[in-house]
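# Structural features, examined
Residue strings, one per chain:
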Amino acid sequence: MSESTDNGLSEQRPGGVQSLERALDILEVLGRSDEELGVSEIGEEAGLANGTVHRLLATLTYRGYARQNPRGRKYTLGVKTLILASSARERLGPFSQPFLRELMEASGESSNLATLDKTSVIYLEQAPSPRMVRMFTEPGNRVSPHSSGTGKVLLAYQPPHVVDSILRQTELPRFTRYTITDPATLKEELHLIREQGYALDSEEMEEGVRCLAAPIFGPDGSIVAGISLSGPVGRLGDTRLEELIPLIKRIAREFSESLSQTLST
């Protein structure tokens, strides 16, 4: 009899290795939490039996990908996982520069690259607009995913249980009168984003600012980052955004293809 629970979160993908899939589920649960987690908490979130979690954590801890606090006996990500994440971000930033510059030059607006880190969006790279009035987001800055175009596009391509976990932890704070604070409304928008292939932030993080974002996918088809452009509402009206949507989707597609080719060689 299988040790996984019946919620379907840790179903094996075709051609996958079940133990590896489950270990990655555990690492993703630890990666989304700002606090140490016990075996039962990890098992509930990942959809795995406690025995399976305990066994896999022993290996992950031995290899340095998880760490157990000897006092509370709870777990967090290990040093090796953090090193891998840091290395990936350092490589992704420079790789993105030609695509960010193309997007900035074609749109006239600042372009950004960001990824999801636990329950927040972290900006990795930017190509600033040469205009006097421009949006500037310092690499390393963090924002809430539900209120930014990049954040919403990153959420839209996550598994449903990951979205639920992030929404529970962040509680959807309001930043402007336009911020979506209702989970059901946000999920409807995430479904629309997946259908159309892009996300919009219309003054949801900061009044007077609009953002257009598209997903960047890795070789396995999972989302690894979001690329976006942002500028003042006066320059990014509905007509202008309609002109820019095909542009950002094309650049995001070419970025994804180039990234997949690089990582596959």
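Attention in this report is confined to the structure presented alongside it. The model shown is predicted, which means the values in this text are computed figures rather than measured ones. (Residues numbered from 1 in each chain as written. Predicted model: local features only at pLDDT ≥ 70, side-chain atom pairs only at ≥ 80, totals over all residues. Heavy atoms only, no water.)

## Considerations on the overall build of the protein
Helices and strands together make up the secondary structure of the protein, namely eight helices and eight strands. Expressed as a percentage of the 265 residues in the protein, the buried residues total 48%. By sequence separation, contacts in the protein at least 24 residues apart represent 60% of the contacts at least 6 residues apart. Here the protein has roughly 13500 Å² of accessible surface; of this, 52% comes from carbon and sulfur atoms. (Helix = DSSP H or I, 4+ residues; strand = E, 2+ residues; numbered from the N terminus. Buried < 20%, exposed > 50% of the residue type's maximum accessible area, 1.4 Å probe, protein only. Contact = heavy atoms within 4.5 Å. Areas by Shrake-Rupley, 256 points an atom, 1.4 Å probe, with all protein chains shown as cover.)

## Remarks on the nonpolar core
Counting residues in hydrophobic clusters, the biggest one holds 26 residues, and the most contacted among them are Leu212, Ile227 and Phe255. Breaking this core down by element, the ones donating at least two residues are α4 (79-107), β4 (120-127), β7 (209-217), β8 (223-232) and α8 (238-264). Ranked by the residues each element gives to this core, the list is headed by α8, at nine residues. Excluding residues that lie within four positions of it along the chain, isoleucine 227 makes contacts with Phe99, Leu100, Leu103, Asn112, Leu212, Ala213, Ala214, Ile216, Ile248, Ile251, Ala252 and Phe255. Formed by 20 residues, the second largest nonpolar core is a distinct cluster that contains Tyr123, Leu154, Leu155 and Ile180. (Core = buried A, V, L, I, M, F, W, Y, C linked by side-chain atoms within 4.5 Å.)

## Structural notes on helix α3 (residues 50-62)
Under the 1.5 Å per step criterion, the end-to-end length of α3 is 18 Å for 13 residues, consistent within 8% with the ideal 18 Å. Buried residues of α3: Thr52, Val53, Leu56, Leu57 and Leu60, and no others. Taken around the axis of α3, the buried residues stretch over an arc of 120°, which confines them to a single face. Those residues of α3 that are buried lie in contact with α1 (18-32), α2 (39-46), β1 (66-68) and β2 (75-77). (Expected span 1.5 Å × (residues − 1). Arc of directions from axis to C-beta.)

## What to know about helix α5 (residues 149-156)
With eight of eight residues buried, α5 is to be regarded as a mostly interior element. Turning to α5, its buried residues are Gly149, Thr150, Gly151, Lys152, Val153, Leu154, Leu155 and Ala156.

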